[in-house]
Amino acid sequence: MHLSPSRHRWLTAGVMIAGLLGLLAVGFWLRWQFVLTVSPDVDELTTIWAADRILKTGMPWMPSDVLYTRGILNSYTIAGFALVGGLTTTVARLPSVLFGLLSIVLIWVIGWREWNARVGLVAAAGLVFLPEALQADGHARFYA
């Protein structure tokens, strides 16, 4: 059976999107395992504390009267998530997991547009399994 060029393109796109969805599922599972099993480090606790101060005062003013500006967008994002789910380590780590998954999609799109669909899928797979990305995407910090 011979496929027309347009059908071949649609079939290739469907396979690549299915591959991306599979990678995102694996990537989420790996990052979620990190979130659930690794204890928070000192930097994460500082970020969570800043989010708590945002919830209480509207700004990340620490009790020492210092404005905590490192990763301020991340602190506000965590505070927003905390409004919905409460301020826990797990909830505080969710924005990083979501930004990490968004990064996988973004590298897939860039690889596909700049080279081809297979390159995009391989690049996305590399980011899904990269240990440094797993660690960064599982912390309540601005690294993801």
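As a reminder, the structure under discussion sits directly above these lines.
What you are looking at is a predicted structure, and each value in this text was computed from that prediction instead of being measured.

Student: Before we move on, could you go through the overall build of the protein and cite the residues and values that matter?
Tutor: Across its full length, the protein carries six helices and zero strands. Counted from the first residue to the last, the protein has its helices and strands arranged as α-α-α-α-α-α. Relative to a compact globule of 144 residues, whose C-alpha radius of gyration would be 15 Å, the protein shows 19 Å and is clearly more extended. Considered along the principal axes of its C-alpha atoms, the protein spans approximately 70 × 25 × 25 Å. When the 144 residues of the protein are sorted by exposure, 35% land in the buried category. For the protein, restricting intrachain contacts to residue pairs at least 6 apart in sequence, the fraction spanning at least 24 positions comes to 66%. About 8600 Å² of surface is accessible on the protein, with carbon and sulfur atoms providing 69% of the total. For the protein, the centre of its 10 positive side-chain charges and the centre of its 8 negative side-chain charges are spaced 13 Å apart.

Student: Got a sec to walk through the nonpolar core? Specific residues and values, please.
Tutor: If you look at the biggest cluster of nonpolar residues, it comprises 14 residues, and the most contacted ones within it are L20, L24, L101, I104, W108 and A124. Of all the elements in the fold, those that place two or more residues in this core are α1 (5-37), α4 (89-114) and α5 (117-129). Top contributing element to this core by residue count: α1, with five residues. Of all hydrophobic cores here, the second largest spans seven residues; its members include I48, A51, I78 and A140.

Student: How would you sum up helix α2 (residues 42-57)? Please name residues and give values.
Tutor: Residues spaced three or four apart along an α-helix point in a common direction, a consequence of the helix completing one turn every 3.6 residues. The terminal C-alpha atoms of α2, which comprises 16 residues, lie 22 Å apart, in line with the 22 Å expected from a rise of 1.5 Å per residue. Here the buried face of α2 lies against α3 (72-85) and α4. By the N-cap criterion, in which a side-chain oxygen at the helix start approaches the backbone nitrogen of a residue two or three places on, α2 is capped by D41, the distance to D43 being 3.3 Å. Just beyond α2, the residue with positive phi is G58, at close to 90°.

What counts and what doesn't
- Residues numbered from 1 in each chain as written.
- Predicted model: local features only at pLDDT ≥ 70, side-chain atom pairs only at ≥ 80, totals over all residues.
- Heavy atoms only, no water.
- Helix = DSSP H or I, 4+ residues; strand = E, 2+ residues; numbered from the N terminus.
- Rg over C-alpha atoms; globule rule 2.2 N^0.38 Å.
- Buried < 20%, exposed > 50% of the residue type's maximum accessible area, 1.4 Å probe, protein only.
- Contact = heavy atoms within 4.5 Å.
- Areas by Shrake-Rupley, 256 points an atom, 1.4 Å probe, with all protein chains shown as cover.
- Lys, Arg positive; Asp, Glu negative; His and termini not counted.
- Charge placed at Lys NZ, Arg CZ, Asp CG, Glu CD.
- Core = buried A, V, L, I, M, F, W, Y, C linked by side-chain atoms within 4.5 Å.
- Expected span 1.5 Å × (residues − 1).
- Polar contact = N/O pair within 3.5 Å; in protein donor to acceptor, adjacent residues only side chain to side chain.

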